Amino acid sequence: MRACVPLTVAMLCGLTWAGLYLAPNSCRGRCLEAFDKHHPCHCNARCPEFGNCCEDFESLCGHEGFSHSSDAITKEELQSVSEKIYRADTNKARKEDIVLNSQNCILPSETRDQVDRCPEPLFTYVNEKLFSKPTYAAFINLLNNYQRTTGRGEHFTAQELAEQDTFLREIMKTAVMKELYGFLHQQNRYSSEQEFVSDLKNMWFGLYSRSKEERDSSGFEHVFSGEVKKGKVTGFHNWIRFYMQEKEGMVDYYSHIYDGPWDSYPDVLAMQFNWDGYYKEVGSAFIGSSPEFEFALYSLCFIARPGKVCQLSLGGHPLAIQTYTWNKSTYGNGKKYIATAYVVSSTH
């Protein structure tokens, strides 16, 4: 597939990241020390995860946000595990499962024009038998649990909460998520699968407020379902959601600025579209990936490189994902929610 324009972080900059929690004391002479609840700030490998590092942690102890200890996750390790996750995605679409009609590729300078340059839908055909697979079915059940407009509080019913648990349970049965958990367990990020799943539920489905005082948003809603804030589409980085909304006449595909180098699925497309009256200037999405694949890569990058660009490798091609933390509220012992996650670059 053709890359019409290299996709860069600058083109897709979103929220700003306030950085790690800054405490007055220093990490000088304290790198890798054991956690001590009496200390006002910390210098262990997991302090970035909990947001309680000392202000000089990165300069004295850190490697892209983590310690120089055996717990550090290197770029090479991220590239290696992402290739394993890529190979493990047996639920992805086959070439014949999707017929894509990407049509007009525009320049980055044209993305604000809001001009529909593509008369046909993006998806000509999708084999909907994919959607009967357990992880797809569980994922699709989650998409109608949200109000897309920020400022309106989200209130989950017992059934909707059960649907979150079902989705997590189904994806944890897959080789993709077993690969991810095995890697993070080896890296001392989680001591048990139960701890891992509990953290995923909080970071992705925990509610926080993007406007006013209402708990109106979550990482999952923003990234996978999509939101509207101040008259613009935010998030909405999922091909299944896009296809289903396009099929219902709710999404009108306008153009794209990037088509990834992969000749099979999953691929990446950065596009412009109208969602029932609201415009998305640049929305990147994996195409043809399983729900667990996207969930795994975004989670990996949020855990390993929170608030930073995360360099991965898929099928021999480099790919970068940007995540942002939500800093206005926390869960557990000061842990951060996912604000957003999306693909920012991929080059030959």
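Fair warning: this is a prediction, and the values are worked out from it, not measured in the lab.

Participant: How would you sum up the overall build of the protein chain? Please name residues and give values.
Facilitator: On a plain count of helices and strands, the protein chain comes out with 10 helices and 12 strands. A buried classification covers 57% of the 348 residues belonging to the protein chain. Long-range contacts, defined as pairs at least 24 residues apart, comprise 64% of the intrachain contacts of the protein chain with a sequence gap of at least 6.

Participant: Summarise the side chain of E83; cite the residues concerned and give the values.
Facilitator: Note that E83 resides in helix α3 (residues 75-88). Of the side chains with opposite charge, R87 lies nearest to the buried E83, which makes no salt bridge, at 4.2 Å. Within the structure, E83 has its side chain in polar contact with the side chain of S313 (distance 2.6 Å). Contacts of E83, omitting those with residues within four sequence positions, involve S313, L314, G315 and G316.

Participant: Account for the state of the cysteines, with residues named and values stated.
Facilitator: The final tally for this structure, using the stated rule, is one disulfide. Each disulfide pairs two cysteine sulfurs, and for C301 the partner residue is C310, the sulfurs being separated by 2.3 Å. Given an S-S torsion of about -70 degrees, the disulfide between C301 and C310 has left-handed geometry. Each member of the pair, C301 as well as C310, carries the same accessibility label: buried. Among the cysteines around C118, which has no disulfide bond, C105 carries the closest sulfur, lying 9.5 Å off.

Participant: An account of the confidence of the model for the protein chain is requested, with residue identities and associated values reported.
Facilitator: Per-chain confidence: the protein chain averages 85 in pLDDT, with 85% of residues scoring 70 or above. This stretch, residues 6-24, has a pLDDT under 50; its non-local contacts, to residues over four places away or in other chains, come to 55 contacts. Counting interchain partners and residues more than four positions distant, the pLDDT-below-50 stretch residues 63-70 has 31 contacts.

Participant: Requested: an account of the nonpolar core, with residues and values cited.
Facilitator: Counting residues in hydrophobic clusters, the biggest one holds 93 residues, and the most contacted among them are F167, F196, W204, F220, W239, F286 and F295. The element contributing the most residues to this core is helix α10 (residues 291-304), with 10 residues. Aside from chain neighbours lying at most four places away, what touches F167 is T135, A138, F139, L142, F205, F220, P291 and F295.

Participant: So, the packing of aromatic side chains: which residues are in play, and what are the values?
Facilitator: Counting across every chain of the model gives 30 aromatic pairs. For the ring pair F123 and Y243, a centre distance of 5.6 Å and an interplane angle of 80 degrees mean the geometry is edge-to-face. Here the residue F123 occupies a position in strand β4 (residues 123-126), and Y243 occupies one in helix α9 (residues 239-247), the gap between them amounting to 120 residues. The exposure class assigned to F123 is buried, which follows from its relative accessible area of 7%. When the centroid spacing of 5.7 Å and the interplanar angle of 65 degrees are considered together, the rings of F139 and F220 count as edge-to-face. Taken together, the positions of F139 in helix α4 (residues 134-142) and F220 in helix α8 (residues 219-225) put the pair 81 residues apart, joining distant regions of the chain. We classify F139 as buried; its relative accessible area is 1%. Site record: aromatic cluster; members linked through ring pairs are Y86, F139, F167, W204, F205, F220, F224, F286, F293, F295 and Y298. Directly above the ring of Y86 sits K92, whose terminal nitrogen or CZ lies 5.1 Å from the centroid.

Participant: Now, about the side chain of D89: what can you tell me, with residues and values included?
Facilitator: Tracing the backbone shows D89 in the loop between α3 and β3 (98-100). Contact partners of D89, with chain neighbours within four places excluded, come to V176, S289, S290, E292 and F293.

Rules behind the numbers
Residues numbered from 1 in each chain as written. Predicted model: local features only at pLDDT ≥ 70, side-chain atom pairs only at ≥ 80, totals over all residues. Heavy atoms only, no water. Helix = DSSP H or I, 4+ residues; strand = E, 2+ residues; numbered from the N terminus. Buried < 20%, exposed > 50% of the residue type's maximum accessible area, 1.4 Å probe, protein only. Contact = heavy atoms within 4.5 Å. Lys, Arg positive; Asp, Glu negative; His and termini not counted. Salt bridge = Lys/Arg side-chain N within 4 Å of Asp/Glu carboxyl O. Polar contact = N/O pair within 3.5 Å; in protein donor to acceptor, adjacent residues only side chain to side chain. Disulfide = S-S within 2.5 Å. pLDDT = per-residue confidence, 0-100. Core = buried A, V, L, I, M, F, W, Y, C linked by side-chain atoms within 4.5 Å. Phe/Tyr/Trp six-rings, centres within 6.5 Å; stacked < 30°, edge-to-face > 60°. Lys NZ or Arg CZ within 6 Å of the ring centre and 35° of its normal.

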